[in-house]
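Below, each chain spelled out in residue letters.
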Amino acid sequence: MSLMDNLPVLVVILPLLATPLVLLLGGFGRAWAIATVACWVTLAATAALLQRVSVEGPVSYRLGNWAPPWGIEYRIDLMGAYVLLIVVAIAALVLVFARQSVEKEITAERRVPFFAAYLLVVAGLAGITVTGDAFNLFVFLEISSLASYALISLGRDRRALTAAFQYLVMGTIGATFFIIGVGFLYMMTGTLNMMDLAERLPEVADTRMVRAAFAFIVVGLGLKLALFPLHMWMPDAYAYSPSVVSALLAATASKVAVYALLRFLFTIFGLEFALGDVPLDLLLMALGLIGILFASLVAVFQENVKRMLAYSSVAQIGYIVLGISLANTTGVTASILHLFNHALMKGALFLALGAVVYRIGSARIQDFHGLGYKMPWTMAGFVIGGLSLIGVPPTAGFISKWFLVTATLEQNLWPVAVVVLVGSILALIYVWRVVEAAYFIKPASQGIDQAGDVSEAPLSLVLPVWVLAAANIWFGIHTDLSLGIATRASAALLGGAP
Amino acid sequence: MVAIAVIKQRNLFTIAMLTGIYSFLTAGLFMDLDAVDVAFTEAAVGAGVTTVLMLSALRLVGSQQRPTRHPAIALLVVGVTGAALIYGTLDAPNFGDPNAPAHTHVAPRYIEQGPVEVGMPNMVTAVLASYRGHDTLGETVVILTAGLAVLLLLGIQSGPEIQHNVSAMGRHMVLRVMVKLLLPFILLFGLYVQMHGDFGAGGGFQAGVIVATGFVLYDLVFGEGNLRKVLPTVWLTRIAAIGVLIYGGVGVFSLFAGHPFLDYSALADDPVHGQHLGVLLVEAGVGLTVFSTVLIIFYAFSGRRRQQ
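Keep in mind that this is a model prediction, so the values were computed, not measured.

### Topic: the overall build of chain A
Secondary structure summary: chain A contains 20 helices and two strands in total. Against the globule reference of 23 Å for 498 residues, chain A gives a C-alpha radius of gyration of 21 Å, in line with a compact fold. Projecting the C-alpha coordinates of chain A onto the three principal axes gives extents of approximately 70 × 55 × 40 Å. A total of 498 residues make up chain A; the buried ones form 66% of that total.

Take a look at the structure:
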């Protein structure tokens, strides 16, 4: 087998096996270097894999050379490769940022395990996107979740511990529900392989057990992706964790959970069962809409910018779920596209925030006064990310909002379209509060920031912010890659043939 | 009954003991279902190590639970979940029905071909380590992650405050003699379980736990200093990492040999022989990682109490 044939497994085992290397070789600098090299090589492999999937169609890989369904199969289709690209690209960029940020925020003896856990999150998330086996997905879900609980708890604020514990409890309930559902499916079909499940489920679809399995899996994944009202863990988890961790998780973890939900809804259970027999589409739509309005409103009143962005993430999940609930090609396209675009904007915003925290040690809005002039590059990156979040053309956020509104209008659901627009206005308000503080309010003279000392963040922090900010604009204008793949992926999902 | 007692109890020490009993009962249930390997794991992990870890945690926090509210919403959630579980199982295939899908689809090949293709009588090990070897690699990494998480959260004290030869329990002659007598057998049994996983019940997970329990026992009775001198935390972390590396290394080796990841047939000229060798190697990796992770967690708890 050539290198190309092994790409599907390489994207997982590179970060996975780099973890023990980090632990064995130790040292902060070396740990960072190993993690960074591993992530960038994985990124190259991911790009090659995406290219291959895009040309040849879904790629299957037999682990241990056992044919599915007896062995575990990796199966990468366009959507999987696309979400994988989001995860690995963000992880690689955040690592550039991480060197100095981690040095500032994490105590010396915890830095090596920090990078090990970071790699485990990446490996776990990557594994979820490539695997074609329902139980294997659970294993990777556990790896990434456990590692992220540990990472969140490292925040400097003591409340990070409570936040991590809350996430641990909610996340474990979610994972348990998921595995109960998978167990039920195994009882009814005798298989764990996703394609095999999809084939064998219709026969037994009209049983209570399959319906219960469906409910358990949806609720379990709903907890993981912070679907309103199961989002309670998210604001605290993102607000109190170290900057690097907020950026990584906000941009990738919930995306992968959405991916898993899409995979189960459309590939395994199938459109008719998932959104037809069970009135899940109405439920998802209602939860999505309430989520958008509620979380955006709460975000407006936050004093901590990190917390504000976390609530905004809950609202963005609302948009994504709304797109799924429409169950037409445009809606699902909008959702998949928003996975990508939201990763870009939240990545840029959380990294910019991380640079601010690096300099002033606070993320409270009143400490932002005058920052627009002291840290011009960082704050400009923040503003671009914010514009994208609101959905102003020509940013990437505009494209996904546009598709979402079009999709709702296609089904004559104009009240839903109004809610989407109201959500954008609320986003405008909360982003504006930061902009106002940074550019239009003179710092108070008793300033906590010892006015004057604050200067622009170092290059290694500003560069990733700007790469992402630029990506927000680039993918707002050149939509071939993001939109093209999203359209094809959603067509494949709804066509039932992944 | 035991579960209800756990919920009703306010004394955390009693609760820890009751959960141990609960695990043993579950293990018995698994035995009854002919799932020997699962029962073994449940007994070793659930009843053994978990209880010890809970007790070490209790030394940190005291053994009385503060009175808490009983939120109605939690009861509601539990009720709904239970109802959904019962609802779901109502039309499940009958227990022991040979025509149930779980027995007719993938299982026959594991049973019929397993001994031929993988070459070992214990088909549970064959499924775990070979057919679904990638899951087991993942689980090993989960164990490593747990150890890492504990390290990151608690850190491990290793300073002058560790008192050598002072046992947490005082000096009990009887205990000391008994532990000295038992220890070689515990370790030997651990090794047996490790090496014998492909023939009888057992394997790396159980063996790692058993050997670690032996170390923990010694540590509890003879004081902490000695164990930490022999096995410092740094080394435990390294051993855990090496365990994962061995497992992953086997996979990477088969990659370089031109086979898919984790195809043990690549390890020897004869595929079945290669399978056997591969399973032994990965079980060794699992054993190392489990062993050192259990000890890491134990160190983290037992090292902390002197901080108060």
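Read on, since the account is not over.
### Here we look at the packing of helix α13 (residues 305-326) of chain A against helix α17 (residues 396-410) of chain A
Residues and elements named next belong to chain A. Across the interface, α13 lies against α17 with an axial gap of 10 Å and an inter-helix angle of 35 degrees. Seen from above, α13 lies across α17 with left-handed handedness. Contacts between α13 and α17 involve Y319, L322, G323 and L326 from the first element and L404, A407 and T408 from the second. Across the contact of α13 with α17, the residue classes break down as five nonpolar, two polar and no charged.

### Some thoughts on α13(A)
All names here are of chain A. With 22 residues, α13 should reach 32 Å at 1.5 Å per residue; the first-to-last C-alpha distance of 32 Å fits that figure. Buried residues dominate α13, accounting for 21 of its 22 residues. Positioned one or two residues after α13, A327 has a phi angle of 60 degrees, which is positive.

### Some thoughts on the interface of chain A and chain B
Between chain A and chain B, the contact holds 52 residues from the first and 49 residues from the second. Going through the elements one at a time, α1 (7-25), β1 (59-62), α4 (111-130), α5 (134-152), α6 (159-189) and α8 (208-224) of chain A are the ones with two or more residues in the side of chain A that touches chain B. Per-element tally for the side of chain A that touches chain B: the top contributor is α5(A), with 10 residues. Partitioned by chemical class, the residues of the side of chain A that touches chain B number 37 nonpolar, 10 polar and five charged.

### What to know about the nonpolar core
Core analysis: the biggest nonpolar cluster contains 292 residues, and A:A35 and A:V88 have the highest contact counts within it. When sequence neighbours within four positions are dropped, the list of residues in contact with A:A35 reads A:A18, A:V22, A:L95, A:F115, A:Y118 and A:L119.

### Focus on the environment of A:K442
Residue and element names in this part refer to chain A. Positionally, K442 belongs in the loop between α18 (414-440) and α19 (459-477). Between the C-alpha atoms of K442 and G124, which are 318 residues apart in sequence, the distance is 45 Å. The contacts of K442, once residues within four sequence positions are left out, are H369 and G370.

### What about the environment of B:L295?
Residues and elements named next belong to chain B. Counting through the fold element by element, L295 comes out in helix α13 (residues 271-302). Each C-alpha atom of the pair L295 and A212 lies 6.2 Å from the other, and the pair is 83 residues apart in sequence. If near-sequence neighbours (up to four positions away) are discounted, L295 is found in contact with A212, F215, L231 and L236.

### Quick notes on the pairing of strand β2 (residues 73-76) of chain A
All names here are of chain A. On β2, burial covers both faces: E73 and R75 on one face and Y74 and I76 on the other are all buried. Sheet topology note: the β1/β2 ladder contains four bridges and is antiparallel. Its bridge partner lying in β2, V59 is registered against I76.

Conventions used here
Residues numbered from 1 in each chain as written. Chains lettered and ligands numbered in written order. Predicted model: local features only at pLDDT ≥ 70, side-chain atom pairs only at ≥ 80, totals over all residues. Helix = DSSP H or I, 4+ residues; strand = E, 2+ residues; numbered from the N terminus. Rg over C-alpha atoms; globule rule 2.2 N^0.38 Å. Buried ≥ 20, exposed ≤ 12 C-beta atoms within 10 Å, placed from the backbone. Axes fitted to C-alpha atoms, helices over the stretch in contact; angles between N-to-C directions. Left-handed = near helix turned anticlockwise from the far one by under 90°. Contact = placed C-beta atoms within 7 Å. Nonpolar A, V, L, I, M, F, W, Y, C, P; charged D, E, K, R; others polar. Expected span 1.5 Å × (residues − 1). Core = buried A, V, L, I, M, F, W, Y, C linked by C-beta atoms within 7 Å. Pairing = 2+ DSSP bridges.

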